[in-house]
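Spelled out from the first residue to the last, the chains are:
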Amino acid sequence: MQTEPPYLGIAGEIRRRIVSGELAPGDRVPSTRAIVLQWGVAMATATKALSVLRGEGLVRAVPGVGTVVVERRAAGLAAPRSGPALSRERIVRTAIELADAEGLPAVSMRRVATTLSISTMALYRHVPGKAELVRLMSDEIFGERPLGAVPHDWRSGLELAARWLRSAYGRHPWMAQAVASFTRPTASPQAMRYTEWVLHALAGTGLPPYTKLHIHLSLFAHVQGLAMAGDMETQARQDTGLSAAEWMVRNEPRFNAISASGDYPFLNSLFEQDEFELDLDSLFEFGLQRTLDGIAMMIGETSA
């Protein structure tokens, strides 16, 4: 008697929960890590189980959340669909969806191949390895939404570029890890086009080329640093199930005990103010505007 593969059994159990209403539309289904722990299977098996459910149209990946149940269909279950022909574009898009849902560490050649229900060797015919795959993923994101025309005013241009980059990181938090080195940049056409756009915005400032590049990289580093903090927060929320506010409430007694020593008068004074609020958005705005103010002074000194 032939026994069905473990991944089909796992997919069947999760499917049962969805059909019965135990898992409602929008609810998170077990992640690959949760499946590994609950069923005692390998990561590849867990990935196959979720791939079956995605193919049936029962679940979808949501960036920063995980895999969730889709809206109930009018009647019955969707029949599995055969995907389009394998191509580099399809591989890159699959890897992006995987990274959006579970973070960059979840992306591997084997994991992407399993998600596509192909062999890992078939993947290597289109992409030589993970490093190249991540480069292609990042470049795809840089070309995802055009920046548009460069404003005549340098400050408007830099502000637009910084907000555009922050928006890209917001849609794809894993980018903060993928684009990590300034001293070893990769040859990526779309990313280079972004740099070209920023340098164009600074063209009429009178600043030397070397200074313009430093301005670009300083703003880039500001956005990327906050994006990395946001990615860490997303991962922590997925791992602990606690929001930042809930985490603070849980850890408040520890902070209060440390503050009660009286060794941190200046730090304590900050939290005695009711209007004090600290989040990544306020840090972004503060850093962006102060950086632009500093650049304005540099331009003024150059043109004086």
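This one's a predicted model, so the numbers in the text were calculated from it and none came from an experiment.

Asks: Explain the overall build of the chain to me, please; I cannot follow it from the model alone.
Replies: Counting its regular elements, the chain contains 14 helices and two strands. Of the contacts formed within the chain by residues at least 6 apart in sequence, a portion of 68% connects residues at least 24 apart. Accessible area of the chain: about 17,400 Å², with a carbon and sulfur share of 58%.

Asks: Could you clarify how one ought to interpret the packing of aromatic side chains in this entry?
Replies: Two aromatic rings are characterised by how far apart their centres lie and by the angle between their planes. Under the defined criterion, the tally for this structure stands at five aromatic pairs. Judged by centre distance (6.5 Å) and plane angle (20°), the rings of Phe-142 and Phe-220 are stacked. Here Phe-142, found in helix H7 (residues 130–142), pairs with Phe-220, found in helix H11 (residues 209–240); they are 78 residues apart in sequence, far enough to count as distant. For Phe-142, a relative accessible area of 8% corresponds to the buried category. Considering the side-chain rings of Tyr-194 and Phe-220, the 6.1 Å spacing of their centres and the 75° angle between planes classify their relative orientation as edge-to-face. Highlighted residues: Tyr-194 in helix H10 (residues 189–201) and Phe-220 in helix H11, separated in sequence by 26 residues. For the pair shown, Tyr-194 and Phe-220 are each scored as buried. The rings of Phe-142, Trp-164, Tyr-194 and Phe-220 are connected pair by pair, giving a single aromatic cluster. In this structure, Arg-290 packs its charged tip against the face of Phe-286, placed 5.5 Å from the ring centre.

Asks: So what exactly am I meant to see when it comes to the packing of helix H1 (residues 6–20) against helix H2 (residues 32–39) here?
Replies: Packed helices, taken two at a time, are described by the angle their axes make and the gap between the axes. The interhelical angle for the contact between H1 and H2, taken along N-to-C directions, is 110°, at an axis separation of 12 Å. Here H1 is positioned roughly perpendicular relative to H2, judged by the angle of their axes. Each of Ile-10, Glu-13, Ile-14 and Arg-17 in H1 lies in contact with H2, whose residues at this interface are Ile-35, Gln-38 and Trp-39. Within the contact of H1 with H2, the residues separate by chemical class into four nonpolar, one polar and two charged.

Asks: I would appreciate a short explanation of unusual backbone geometry in the present structure.
Replies: Comment: phi is negative for the bulk of residues other than glycine, and the bulk of peptide bonds are trans. One non-glycine residue, Ser-117, lies in positive phi territory at about 60°. Turning to its location among the elements, Ser-117 is positioned in the loop between helix H5 (109–115) and helix H6 (120–124).

Asks: Even after reading the chapter, I still don't get the side chain of Thr-94, so can you show me in this structure?
Replies: Residue position: Thr-94 is located in helix H4 (residues 88–102). Residue classification places Thr-94 among the buried positions, given a relative accessible area of 11%. Leave out the neighbours within four places in its chain, and Thr-94 touches Val-112, Thr-115 and Leu-116.

Asks: Before we go on, may I ask you to explain the nonpolar core in this structure?
Replies: Buried together is how nonpolar side chains tend to be arranged in soluble globular proteins. In this structure, Val-107, Val-112, Leu-133, Met-137, Leu-158, Tyr-169 and Tyr-194 are the most contacted members of the largest nonpolar core, which totals 50 residues. Of all the elements in the fold, those that place two or more residues in this core are H4, H5, H7, helix H8 (154–171), helix H9 (175–178), H10, H11 and helix H14 (280–303). Looking at this core, the element that brings in the most residues is H8, giving eight residues. Sequence-distant contacts of Val-107, defined by excluding residues within four places in its chain, comprise Ala-95, Leu-98, Ala-99, Val-112, Lys-130, Leu-133 and Met-137.

Asks: Quick question: what am I supposed to make of the packing of H1 against helix H3 (residues 43–55) here?
Replies: Taken N-terminus to C-terminus, the directions of H1 and H3 make an angle of 50°; their axes are 8 Å apart at the nearest point. Put simply, H1 runs oblique to H3. Viewed along their axes, H1 and H3 form a crossing whose handedness is right-handed. On H3, the residues touching Pro-6, Tyr-7, Leu-8, Ile-10, Ala-11, Ile-14 and Arg-15 of H1 are Thr-45, Lys-48, Ala-49, Val-52 and Leu-53. Among the residues making up the contact of H1 with H3, the classes are represented as nine nonpolar, one polar and two charged.

What counts and how
- Residues numbered from 1 in each chain as written.
- Predicted model: local features only at pLDDT ≥ 70, side-chain atom pairs only at ≥ 80, totals over all residues.
- Heavy atoms only, no water.
- Helix = DSSP H or I, 4+ residues; strand = E, 2+ residues; numbered from the N terminus.
- Contact = heavy atoms within 4.5 Å.
- Areas by Shrake-Rupley, 256 points an atom, 1.4 Å probe, with all protein chains shown as cover.
- Phe/Tyr/Trp six-rings, centres within 6.5 Å; stacked < 30°, edge-to-face > 60°.
- Buried < 20%, exposed > 50% of the residue type's maximum accessible area, 1.4 Å probe, protein only.
- Lys NZ or Arg CZ within 6 Å of the ring centre and 35° of its normal.
- Axes fitted to C-alpha atoms, helices over the stretch in contact; angles between N-to-C directions.
- Parallel < 35°, antiparallel > 145°, perpendicular 65-115°, else oblique.
- Nonpolar A, V, L, I, M, F, W, Y, C, P; charged D, E, K, R; others polar.
- Core = buried A, V, L, I, M, F, W, Y, C linked by side-chain atoms within 4.5 Å.
- Left-handed = near helix turned anticlockwise from the far one by under 90°.

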